[in-house]
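For reference, the chains in residue letters:
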Amino acid sequence: MASVSRIRLISLLVLFVAALIITRLFYVQVIHGSEYSGNAERQYAVPSDHIFDRGSILFKERGGDLISAATLESGYILVISPEELKDREDAFRQLSSVITLERDAFMLKANKNGDPYEELAHRVSKDDAVKIGAMKIPGVSLYTEKWRVYPGGTLAAQVLGFLAYKGDDYSGRYGLENYYNDTLTRVGGGLYINFFAEVFTNLKDSIFTEAGKREGDLILTIDPAIQSALEKELAVVEEKYKSEVSGGIIINPKDGSIYAMAKAPTFDLGKFQDVKDVNLFNNQVIEGAYEMGSILKPLTMAAALDAGAVTATTTYNDKGSLTLSNYTIYNFDKKPRGIVNMQAVLNQSLNLGAVFAMQKLGKDKFRDYMLGFGLGEKTGIDLPGEGRNLISNLNTNRDIEFANASFGQGIALTPVSITRALSVLANGGYLVTPHLVEKIEYKTGFSKTLEYPKGRQVIKPEASEEISRMLTEVVDSTLLGEKEKITNYSIAAKTGTAQLTREDGKGYYDDRYLHSFFGYFPSYDPEFLVFLFTRNPQGETYASHTLKVPFMNLAKFLINYYEIPPDR
């Protein structure tokens, strides 16, 4: 029996080792196959010991096709060994017939007697490398190199980030390149390693070590067509209104998948070294905090509806102004409305109506709901540098602070945070986690679909449906003219216009505003929520003038692109 057990054990060990070798053969022949075959074809190139390598970042189109957002290109470093050069003039003549070289610079390096290594040129193309290799010039070598490229140029620049040096550390800076740096970084030696050494020696590095397990490519939720459409609309806003900054998010309010996120002005990732103003690298969509104005009124109203404090037909007497704590609050036009209901509050964007709904709810419950909407916490988005909301006024217990907060003044929120909160209205009442990465394809051959579970229930589904109905009424009766409406589709939306605070913190400017606009559609089973903002646009006071057209352009594009069936 003992001998049988030993035979079985030995057999299992043999099978295990065979499985490891077969697995490694797969990696060598399939995963690295093109690299090894390339080496065979490029016998004129001397392989470098450590070739830069990094995982890819991929956009995902509607049909599931993957498009490179960040990848690697390969080429060659042209190197001379001055001590081995036999004829410097002839070497320069031959090399400069293929690539552009400056004679003085070449000779300066070529005349360094005893120097075994001087780099002449980087990113030499394959065709040029073939020509140079065929010359067989003593003392001239070609080393393989790779470098990071961003095929989309400006596309999703602040989201992707880039690679740069910080001291001696060359790694991800800003965006996903930074946040997922550990996943994208490739750890290990050179590309061209003895086959059996790789099978046996490096097996543990690629499969068993923590570094090997985490190395992978990122599959994003971003659709390049939607991203491009958003960026084009923001560029038009910037050009037309000369805003300080504009931004936007297009999100699936049901699960938090971000289809597009952009800021304008932007920059070209392939030329980031030429950027003079490093603020262009910052992503104000997640970092900046702004007083958002009237787009908070739907949150206030939804909370009051959910608590049973008001209904759409609840009325109040709008006198045009209200004094609290020695401060006077007005409607945007300082005009009274008389007896109006809660639907009219949203239709006409009445500050005093939002204050009324908050007071009916009560300060403590209002604070609890605002915290429930996630305004007191970060969203957890998978990007670095997420800013904090500034909501300390909700802790003062002063009537005026709560009144201001009810219509979007006195508290400052990041665009991603307000987008998350507004998604609660659209999706049946629960929080989502905004995110950009859907899946990680690991170097080991395995993949992991990232899970972002449904968050806490903030308002009841019935309240979500009712606020959606009320916001749809806003669009149908007030916001859009007949020429702007999309036939047979319901849209729930609201604008926001907030005065900007003075730099010294003493009050607000009378002529500077933060414009915002959000909407989701179809209203009762939304596929998309679009949030837009622009800071200090010139020549227009209200967001309905600056952001309505871009929003409708995006809505029409998304409905057509995703072939969303009519709901009316």
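Just so you know, these numbers come straight off a predicted model, no measurement behind them.

Procedures and definitions
Residues numbered from 1 in each chain as written. Predicted model: local features only at pLDDT ≥ 70, side-chain atom pairs only at ≥ 80, totals over all residues. Heavy atoms only, no water. Helix = DSSP H or I, 4+ residues; strand = E, 2+ residues; numbered from the N terminus. Axes fitted to C-alpha atoms, helices over the stretch in contact; angles between N-to-C directions. Parallel < 35°, antiparallel > 145°, perpendicular 65-115°, else oblique. Left-handed = near helix turned anticlockwise from the far one by under 90°. Contact = heavy atoms within 4.5 Å. Nonpolar A, V, L, I, M, F, W, Y, C, P; charged D, E, K, R; others polar. Pairing = 2+ DSSP bridges. Core = buried A, V, L, I, M, F, W, Y, C linked by side-chain atoms within 4.5 Å. Buried < 20%, exposed > 50% of the residue type's maximum accessible area, 1.4 Å probe, protein only. Phe/Tyr/Trp six-rings, centres within 6.5 Å; stacked < 30°, edge-to-face > 60°. Lys NZ or Arg CZ within 6 Å of the ring centre and 35° of its normal. Polar contact = N/O pair within 3.5 Å; in protein donor to acceptor, adjacent residues only side chain to side chain. Salt bridge = Lys/Arg side-chain N within 4 Å of Asp/Glu carboxyl O.

Draft legend 1. Geometry of unusual backbone geometry. Residue A264 is joined to P265 through a cis peptide bond whose omega torsion reads 5°. Here P265 shows up in the loop between strand 9 (258-264) and helix 13 (284-287). A cis amide bond, omega -15°, links F521 with the succeeding residue P522. The topology assignment puts P522 in the loop between strand 17 (508-521) and strand 18 (528-535). For K136, which is not a glycine, the phi torsion comes out positive at approximately 50°. Residue placement: K136 occurs in the loop between helix 5 (126-135) and strand 4 (140-149).

Draft legend 2. Layout of the packing of helix 3 (residues 88-96) against helix 4 (residues 103-110). One way to put it is that helix 3 packs onto helix 4 with a least axis distance of 11 Å and a crossing angle of 135°. Between helix 3 and helix 4, the crossing angle belongs to the class labelled oblique. Crossing geometry of helix 3 relative to helix 4 is assigned as right-handed. Along its contact with helix 3, which presents R88, E89, A91, F92 and L95, the element helix 4 presents R103, F106, M107 and A110. Counted by class, the contact of helix 3 with helix 4 contains 6 nonpolar, no polar and 3 charged residues.

Draft legend 3. Representation of the sheet that holds strand 16 (residues 492-501) in the model. Overall, antiparallel pairing links the 5 strands, which are arranged 9-8-18-17-16 in an open sheet. Edge positions in the open sheet fall to strand 9 and strand 16, since each of these has one partner strand only. On average, each strand axis in the sheet is inclined to that of its neighbour by 10°, with strand direction left out of account. Those strands touched by helix 12 (residues 224-241) are strand 8 (245-251), strand 9 and strand 18, and its axis lies near 25° from that of strand 9. Of the strands in this sheet, strand 16 and strand 17 are in contact with helix 20 (residues 461-479), which crosses strand 16 at around 80°.

Draft legend 4. Fine view of the nonpolar core. Counting 105 residues, the largest nonpolar core has L160, L176, M301, F373 and L425 as its most contacted members. With residues up to four places along the chain from it excluded, the contact list for M301 reads V310, M342, V345, L346, A357, I467 and M470. By size, the runner-up hydrophobic cluster in this structure holds 31 residues, among which are A229, I250, F521 and I564.

Draft legend 5. Inspection of the packing of aromatic side chains at higher detail. Under the definition given, this model contains 25 aromatic pairs. Here F162 and F281 contribute two aromatic rings whose centre-to-centre distance is 4.8 Å and whose plane-to-plane angle is 70°, an arrangement assigned as edge-to-face. On the criterion of sequence distance, the pair formed by F162 in strand 5 (residues 162-166) and F281 in the loop between strand 9 and helix 13 is long-range, its members being 119 residues apart. By the burial criterion, F162 is buried, and F281 matches it. Members of the aromatic cluster, each reached through a chain of ring pairs, are Y259, F517, F521, F528, F551, F557, Y561 and Y562. In this arrangement the basic side chain of K334 is found over the ring face of Y330, its NZ or CZ atom lying 4.8 Å from the centre. Lying over the aromatic face of Y509, R512 brings its terminal NZ or CZ to 4.2 Å of the ring centre.

Draft legend 6. Layout of the environment of D306. Tracing the chain through its elements places D306 in helix 14 (residues 297-307). A residue is classified by how much of its surface remains accessible, and D306, at 11% relative accessible area, is buried. A sequence separation of 156 residues divides D306 from E462, and the C-alpha atoms of the two residues are 7.8 Å apart. When residues no more than four places from it in sequence are discounted, the contact partners of D306 are Y369, V458, I459, K460 and A463. Of the polar contacts made by the side chain of D306, one reaches the side chain of Y369; its length is 2.6 Å. At 2.6 Å, the side chain of D306 forms a polar contact with the backbone nitrogen of K460.

Draft legend 7. View of the pattern of salt bridges. Evaluated as defined, the whole model comprises 23 salt bridges. Across the pair R62 and E563 runs a salt bridge, and its minimum N-O distance is 3.7 Å. Of this pair, R62 sits in the loop between strand 1 (57-60) and strand 2 (66-80) while E563 sits in the segment after helix 22 (548-561), placing them 501 residues apart in sequence. For R62, a relative accessible area of 38% corresponds to the partly exposed category. Among the salt bridges present, the one from E215 reaches K443, with a minimum N-O distance of 3.5 Å.

Draft legend 8. Structural context of the packing of helix 19 (residues 415-426) against helix 20. Running from N to C, helix 19 and helix 20 point in directions that differ by 100°, and their axes come no closer than 7 Å. The pairing of helix 19 with helix 20 is recorded here as roughly perpendicular in orientation. Where helix 19 approaches helix 20, its residues V424, L425 and A426 are matched on the opposing element by S464, I467, S468 and L471. Its residues placed into classes, the contact of helix 19 with helix 20 shows 5 nonpolar, 2 polar and no charged.

Draft legend 9. Region of interest: the side chain of S349. As for its placement among the helices and strands, S349 is situated in the loop between helix 15 (342-348) and helix 16 (351-361). Within polar-contact distance, the side chain of S349 engages the side chain of S294 at 3.0 Å. Once you skip the residues sitting within four places of it in the chain, S349 turns out to touch S294, K297, F332, A344 and K494.

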